[in-house]
Amino acid sequence: MSDKVKIIIDDIEYEVPAGSNLVDMAKWYADNDIPVFCYHPKMEPVGMCRMCLVEQGSIVKDRETGEVVLDENGNPQVRWFPKLQTACTQIVHDGMVIRTNTEAVKAARENVVEFLLTSHPLDCPICDKGGECPLQNLTMAHGPGTSRMNYDDKMHLDKHVPLGDLIFLDEERCIQCARCIRFQDEIVGDDVLAFHERGRKLQIITNSDPGFDTYFSGNTTDICPVGALTTADFRFGARPWELTEVPSICPHDAAGSNISLSVRLDRDFGGRAMIKRVMPRQNEYVNEIWISDKTRFGHHFTRSEDRLKKPMIKKGGVLTEATWDEAIRFVVDALKAADGSVAAIAGSSTPNEDLWTLRKLVEGLGGGLLGAWTPTHAGADLVAQVGVGKGTNLGDLGQGDAVLIIATDLEEEVPIWRLRLKQAADRGAYLVVANARKTRMDDFASDTVRYDYGQAAHAMQNLDAAIAKKLKEANNLIIVAGAEGLTLDGSRALMQAAANFLIESGHIGKPNNGLLSPFPGANGMGLHYMGFSPEATLQIMQNPPKLLIVNQAELLADDPFAAEWLNKVETIISLNLFPDAVSNMAAAALPIQSFAERDGTFTNGERRVQRFYMAQGPMGEALPAWQVFSQLSEALGQGHAKLSAAAVMKEITENVEAFAGMRYKELARVERQFPDVGGEDLYYGGTAYQNKGGLGVQIETSADKGEAVSVGEVKLPDSPKPKKGQVLVVPVAQLFNRQSTFKPSVLVHPRVPQPYVEINSKDAARMNIKTGDLVEVMMADQIRVTVQAHVNGGAPEGAAVLPRYLTDEATPMVLTVGEIKKV
Amino acid sequence: MANTLAEKYAERIQHHLSKYPDKRSAVMPLLYIAQEEYGWLSPQGIEEVAELCDMDPTQVKSIAGFYTMYREQPKGKFWLHVCTDLPCALKGAETFYADLLAHLGIEDGGTTEDGTFTVEHVMCLAACDRAPMLQCNFHFHEHLDMDKMRELLDQWRKEAEAYANKDV
C-alpha cells in the first residue's frame, strides 16, 4: 500500500494508496459517502445493487509522448466512460476521475432506490432496523420521495422465517445484496446461506442441517442493510433511537471483543437501565467489527433472577441475609482469626481492579498465595515475555506470514481469533494446525499435524522438518498454544517449547510475532500481571490455608476433585455473581456486580488492557468486588478505601510496572480506524458501532523492550497413562455450554449440545457402544458423569473427548484417566 | 445415511466427476441423475449430490433453484413444456396450449390427478419454425396440433401404465 496514485473526485485531486477500493478511498480521503447496499469494506465487491453508480473517466495521455492532453482551457482532458460505473468494483488508478454529484448520478441513485422499493414492504414502523436502516437513510437521501407502486402490486412474502435458532429472515424486506451470504462464505467459511430461485422470486435460504447456526450468525444482522435479518434476542425488543450505547468488553473469552451494550430504562427491569442487545464496537486490532454469538447472546446472566443479591453470613451454621456493614465486620473478624493463613483464588473473568484490591488485601494480612482459576493454562509469564509484539494485528497477517495453532480448538475457545486467522490463511498466510484430534480449524489449515494426547510439547519440539522450516522462514510467525489434552505441567512444557521455537527463529519482540494462548475467561493475562498464577492454585490445593477468599471462581462446579481439598479449608469467603456450591460452603457469600453493572478493565490474550463502562442497573445490593476488598482493607486498618475503579487503576499504574501507562484516560483514547465503520452512514459497514470508549493499550512484552527473556528448562512431564480398561479423559472446550454465565441465555439453549463424550470407533466397538448410547465416564470412585456417546470420528483411539460445562456435575479440568461403561 | 445414487449410478457419477479438477463442478450433471432417480430433486437427492460433490446442501439447493429444468417439486411422470413465446404464439401455440389444458382438465402448471402429466408454459425453446411445439421430459415434439397431441398423450399414458404394472 506504499505506492500512491492520484485520483480526482468531484474536481479535487487526492493522493491515495494504489490498489485500494474507490468507495473506501472516497470515504477516507474525500469524506464522500458513495451510497452502497451490497458493497462492504470487509468483503469482496460484487456490484449487485447498482447503488454506487458514478461517472467515471480517465485523464487522456498522448500515446506517443505520455504527456497529459490538455483541452482548450488548459485543463487535462478527460475521457469519460459512456455509462455510469459501479464505484465499488473500481480499483483506484492514476488519472482516475470520478464525479458523484452530477444529474446523471443523482437520477441513477433515485432510480435504483425506487427499483429496490418496488419489492420492499416499507413496514418501517414495525421494523427493528427502523431508525438505523441503510435503506431508510439512503431512501431519504437519494430516493424519489413518492412511490409509483401500488402496495398490492408488491411481492408479499413470509415475514418470520427462522434461518436457525437465533436469526429470523423477513423475506419481503430483503433487497438481495448477498452480504449475509458472502459473510458466511468469505469471512466465516461456512457457506450455509445461499440464494434460491431468481428474478423477483430470489430468496435467501439455508438447506443445511442444522440450519444457520454458526458461531458468527449474529453478525449478518449488523451488516444486513435492511431489516431482513433480525436476532431472536432483539426482535421487537426496542427501537434503536431509545437506546443508549455503552462501550464494554466481552466477558467470555480471551479475545476481549469490543462491544457496545444498548441499554434503555425498561419496564421489564423495574424501570432501570437494561441491556437490550449487544452490538460489536469497532476495534481493528481486536475484533474488527465482528463478535461471536456467545458475546452477542450471552448477556442475560447479568440480570438473571438467580443472581446473588444480598450479602449472606453464617449464623449458627446457617447462611443468613445480612447488611453490608454486618457482612464486612463478619469477614474482617474471620480474616483476623485466620492468623495470616490466608489465600485467594480468583476466576479468570475477574477484572484487573478486583484482582489488585484482592491482592492488596491478602498481602496486608501477611498471606501470600494468589491462585488463578481455572488452573489449566500455564505460561502467562511466557506470554508476558515473548507474547505477540505490541502493535500486533491478526488482520495484517497474510502472504509470507505463518501461524501455528497447537493444542486448542479455537472455534470453541476464542472464536474471534479463529475467524481472523481463517482470513489470514485466505490472504495467503501459512497456517499449521496441530492437535490430537481434528478440529474446525483443520478445514482452513495449510498443513495439519497429529500427535498423541499429552504429547503436545514433544510434538512442538519435533515438528516435521519441512513444516518447521516454513514456520522459521516466515516473515512473521505467531504461535497459538492452548492446553487441550494437557495437564498444567504439560501446558507449561508446551508454552516453553513454543517460546523457544519463537526465540530461536527470531520471531519475538515485533508486531505480528510471538506467542498467544487462549486463556479461559476474559482476563487470563490480567491474572498474571496482578500476581495470580495457576501454580499457586495447585499449591493452595496441596496445602489449603485456614481462610480462602474465592472470587468469581466456581471451584466445585469446575473441578470434580475440588471438594477433597476445599473441605480442609476452615473458612471460605465467597464472592460471586451466583450462589453456587462454594458459596453454600462459605462462611460468607457476598454478591458482586457483573461487568455490565460497573466500570473496570480486562487484559485480553494479546495483553491489551481495555475498559468497560457501567451500563446496567445493579442486581440487588451487589457491589463491585474491588469495593468489597477495598472496604475490607480499610476496616483492617490498611488505609482508606478507594472510591472509584479509576482510583484503583491509578494505584495499579503506580505499582505494577506493566500497567504504568494504563490510566483510564489513556485506555479511553480513540483514533479514526480504517475502514470507517459506524457513525452516521450505517450503510457502509453495517451497524457495528464506532469506537468511542477507547481502543485500549497493549502491554509491551519483555522482548518488545529488548529485555532478556528466560524460558526455563523444558521438562516434558509424564502424561497420565491409562491402565488396561481405561481411557484418557480429555476435557475440551464447548463454546455454547451450561456455565453459570451462559446458562441464563435461554434463547441459546437449543444450540447447547446435550452432554456427550466422543469416543473412537475402535474403542466403541470393543466396548460395544454406539452413537446415542448412554455411557458413564468414571474418573474416580465418586466422580462420574453419565453422558451420551458419540462415535463420529472425533476422538483418537484410547481417548474420550469430554466437553466441559455440559453436565450438571463437574467434569475434569485437565487430562486424566477414567473408565467408560455402557449404562 | 446410505447414498443411493452413489451405489446405483457409480459409473455415471465417476464419469462426470472425472471430467473436472473440482468435485463441485460436476454438480449439475449429478443433479440430473438425482432427478432421474427420484423423479424430482427431493431433499434426499439434494443431500446425496451434496455429499458426492463435497458441497454444502444449501449451495446445491441454490443451484437447483436457479435452473428451471430441475424439478424442485414432485411432478407428473411426463413433464410437458409448451412454448408460448411470440413466434410460437403467432403460429397458434396459445390456442394449442389452452386446448391441451382443457383436454387434460388442469390449470397452467398443474398436474393431472393420476400424476401422469404436468404441463407448463415456457419461454423460447429455440424451435420457432416448428411451432406449436413442446418438450416432454426434455425431448422435443414439433409441428403439433390437438390430434397429434391426443395420440401422444395416449401413448404416454400407456407407457406410464406399463411402467406402473412393471413396478408391481
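Just so it is clear, the structure is predicted and the values come from calculations on it, not from any experiment.

Observations regarding the side chain of A:Ser633
All names here are of chain A.
For step 1, the next point in the chain: Topologically, Ser633 is positioned in helix 20 (residues 625–635).
For step 2, the next point in the chain: Among the residues examined, Ser633 registers a relative accessible area of 8% and is labelled buried.
For step 3, the next point in the chain: Leave out the neighbours within four places in its chain, and Ser633 touches Leu361, Gln638 and Gly639.

Focus on the sheet that holds strand 25 (residues 571–576) of chain A
Residue and element names in this part refer to chain A.
For step 1, the next point in the chain: The mixed open sheet is built from 7 strands, whose spatial order is 16-15-26-25-24-17-18. A strand with exactly one partner marks an edge of an open sheet, and here the two such strands are strand 16 (318–321) and strand 18 (370–373). Averaged over all pairs of adjacent strands, the angle between their axes in this sheet comes to 20 degrees, without regard to strand direction.
For step 2, the next point in the chain: In this structure, strand 17 (residues 342–347) lies alongside strand 24 (residues 547–551), joined through 5 bridges in parallel fashion. By the bridge assignment for strand 24, Val342 is matched with Leu547.
For step 3, the next point in the chain: Its contacts with the sheet put helix 16 (residues 534–542) on strand 17, strand 18 and strand 24, and the angle it makes with strand 18 is roughly 110 degrees.
For step 4, the next point in the chain: Contacts between helix 20 and the sheet are confined to strand 24, strand 25 and strand 26 (588–591), with strand 24 contributing the most and set at about 155 degrees to the helix.

Re the domain arrangement of chain A
Residues and elements named next belong to chain A.
For step 1, the next point in the chain: Once the domains are mapped, chain A shows domain 1 (4–114), domain 2 (117–231), domain 3 (312–377 + 524–698), domain 4 (380–516) and domain 5 (727–822).
For step 2, the next point in the chain: Here domain 3 and domain 5 have C-alpha centroids that lie 31 Å from each other.
For step 3, the next point in the chain: In this assembly, 14 residues from domain 3 lie in contact with 13 residues from domain 5.
For step 4, the next point in the chain: Carbon and sulfur atoms supply 71% of the area buried between domain 3 and domain 5, which totals about 1,000 Å² over both sides.
For step 5, the next point in the chain: When the area that domain 3 buries against domain 5 is broken down by residue, the three leading residues are Asp558, Pro560 and Phe561, summing to 47%.
For step 6, the next point in the chain: Viewed at the interface, domain 5 and domain 3 are joined by 0 salt bridges.
For step 7, the next point in the chain: The tally of links from domain 3 across to domain 5 stands at 2 residue pairs in polar contact (both at pLDDT 80 or more).
For step 8, the next point in the chain: Among the elements that line the side of domain 3 that touches domain 5, the one with the most residues is helix 17 (residues 555–558), at 3 residues.

Quick word on the sheet that holds strand 2 (residues 117–122) of chain B
Residues and elements named next belong to chain B.
For step 1, the next point in the chain: Reading across from one edge, 2-1-3-4 is the order of the 4 strands in this open sheet, with mixed pairing throughout. Pairing within the sheet leaves two strands with one partner each, and these edge strands are strand 2 and strand 4 (139–141). Strand-to-strand, the axes of this sheet are offset by a mean angle of 25 degrees, without reference to chain direction.
For step 2, the next point in the chain: Inspection of the sheet shows strand 1 (residues 78–83) paired to strand 2 by 6 bridges, in the parallel sense. Bridge assignment links His81 to a residue of strand 2, and that residue is Glu120.

Quick look at the pairing of strand 27 (residues 600–603) of chain A
Residues and elements named next belong to chain A.
For step 1, the next point in the chain: What you see with strand 27 is no split at all: Gly600 and Phe602 on one side and Thr601 and Thr603 on the other are buried throughout.
For step 2, the next point in the chain: One ladder, built from 4 bridges, connects strand 27 with strand 28 (residues 608–612); its direction is antiparallel. Bridging from a neighbouring strand, Gly600 pairs with Phe612 of strand 28.

Here we look at empty space enclosed by the protein
All names here are of chain A.
For step 1, the next point in the chain: With the rule as written, the count across this model stands at 3 cavities of 30 Å³ or more.
For step 2, the next point in the chain: Within this model, the largest cavity holds a volume of roughly 200 Å³.
For step 3, the next point in the chain: Lining the largest cavity are 17 residues, with Thr221, Thr231, Phe234, Arg277 and Met279 sitting closest to its centre.
For step 4, the next point in the chain: Among the elements of the structure, helix 5 (219–223), strand 11 (229–231), strand 14 (272–280) and helix 6 (293–297) are those that each provide at least two residues to the lining of the largest cavity.
For step 5, the next point in the chain: Residues belonging to the lining of the largest cavity are distributed by class as follows: 5 nonpolar, 4 polar and 8 charged.
For step 6, the next point in the chain: Roughly 70 Å³ of volume is contained in the second largest cavity.
For step 7, the next point in the chain: Along the wall of the second largest cavity there are 13 residues; nearest its centre are Cys174, Cys177, Cys180, Cys224 and Ala228.
For step 8, the next point in the chain: Grouping the amino acids of the lining of the second largest cavity by side-chain chemistry returns 11 nonpolar, 1 polar and 1 charged.

Notes on the layout of surface pockets
For step 1, the next point in the chain: Approximately 1,600 Å³ is the volume found for the largest pocket.
For step 2, the next point in the chain: What lines the largest pocket is a set of 46 residues, among which A:Asp190, A:Pro210, A:Glu411, A:Arg440 and A:Asp443 lie closest to the centre.
For step 3, the next point in the chain: Only helix 10 (410–413), strand 31 (756–759) and strand 34 (799–803) of chain A together with helix 4 (43–53) and helix 5 (57–66) of chain B provide two or more residues apiece to the lining of the largest pocket.
For step 4, the next point in the chain: Residues that form the lining of the largest pocket fall into these classes: 15 nonpolar, 12 polar and 19 charged.

Digging into the packing of aromatic side chains
For step 1, the next point in the chain: Within this structure, the stated rule accounts for 16 aromatic pairs over all chains.
For step 2, the next point in the chain: Each ring, one from B:Phe78 and one from B:Phe117, has its centre 5.8 Å from the other, and the planes form 40 degrees; the classification is tilted. Residue B:Phe78 is located in strand 1, and its partner B:Phe117 is located in strand 2; the two are separated by 39 residues in the primary sequence.
For step 3, the next point in the chain: The exposure class assigned to B:Phe78 is buried, which follows from its relative accessible area of 10%.
For step 4, the next point in the chain: Between the aromatic rings of B:Trp79 and B:Phe138, the centroid separation amounts to 6.0 Å while the plane-to-plane angle is 70 degrees, which identifies the pairing as edge-to-face. In this pair, B:Trp79 is assigned in strand 1 and B:Phe138 in the loop between strand 3 (134–136) and strand 4, connecting sequence segments 59 residues apart.
For step 5, the next point in the chain: Feature note: the residues B:Tyr32, B:Phe66, B:Tyr67, B:Tyr70, B:Trp79 and B:Phe138 constitute an aromatic cluster, connected by ring pairs.
For step 6, the next point in the chain: Here the guanidinium or amino end of A:Arg272 rests over the ring plane of A:Phe269, the centre of that ring lying 4.1 Å away.
For step 7, the next point in the chain: Cation over ring: A:Arg277 sits above A:Phe234, and NZ or CZ is 4.6 Å from the ring centre.

Parameters and conventions
- Position labels on residues start from 1 in each chain and follow its written sequence.
- Chain labels run from A onward and ligand labels from 1 onward, assigned in the order the entries are written.
- In keeping with the predicted nature of the model, local features appear solely for residues at pLDDT of at least 70, side-chain atom pairs appear and are counted solely at 80 or more, and the whole-chain, interface and lining totals rest on all residues.
- Values reported for side chains reflect all heavy atoms of the structure, with hydrogen atoms and water molecules removed beforehand.
- In this description a helix means any DSSP run of H or I spanning at least four residues, a strand means any run of E spanning at least two, and both kinds are numbered starting from the N terminus.
- Whether a residue is buried, partly exposed or exposed follows from its accessible area with a 1.4 Å probe, protein chains only, as a fraction of its type maximum: under 20%, in between, or over 50%, in that order.
- Only heavy atoms enter the contact rule, under which two residues are in contact if any of them lie within 4.5 Å.
- Strands were regarded as paired on the criterion that DSSP finds at least two bridges between them.
- Axis geometry follows a simple rule: fit a line to the C-alpha atoms, using only the stretch in contact for helices, then measure angles between N-to-C directions, giving values from 0 to 180 degrees.
- Boundary definitions for the domains trace back to an automatic or database domain assignment.
- Put simply, buried area is how much 1.4 Å-probe accessible surface two parts lose in total, over both of them, once they are put together.
- Any Lys or Arg side-chain nitrogen found within 4 Å of a carboxyl oxygen on Asp or Glu counts as a salt bridge.
- Counted as a polar contact is a pair of N or O atoms within 3.5 Å, where, for protein atoms, one must be capable of donating a hydrogen and the other of accepting one, and residues adjacent in sequence contribute only when both atoms are in side chains.
- Here a cavity denotes a set of grid points, spaced 1 Å apart and computed over the protein atoms alone, in which a 1.4 Å probe fits but from which it cannot get out, and a pocket denotes an open set meeting protein on both sides within 12 Å along at least five of seven lines; residues with an atom within 4 Å of a point are reported as lining.
- Grid points are joined across faces, edges and corners, and a volume is the space filled by probe spheres set on the points.
- In this classification, Asp, Glu, Lys and Arg are treated as charged, Ala, Val, Leu, Ile, Met, Phe, Trp, Tyr, Cys and Pro as nonpolar, and every other residue, Gly included, as polar.
- The criterion for an aromatic pair is that two Phe, Tyr or Trp rings (for Trp, the six-membered ring) have centres within 6.5 Å, with stacked assigned to planes under 30 degrees apart, edge-to-face to planes over 60 apart and tilted to the rest.
- Note on criteria: charge over ring means Lys NZ or Arg CZ within 6 Å of the ring centre, with the direction from the centre no more than 35 degrees off the ring normal.

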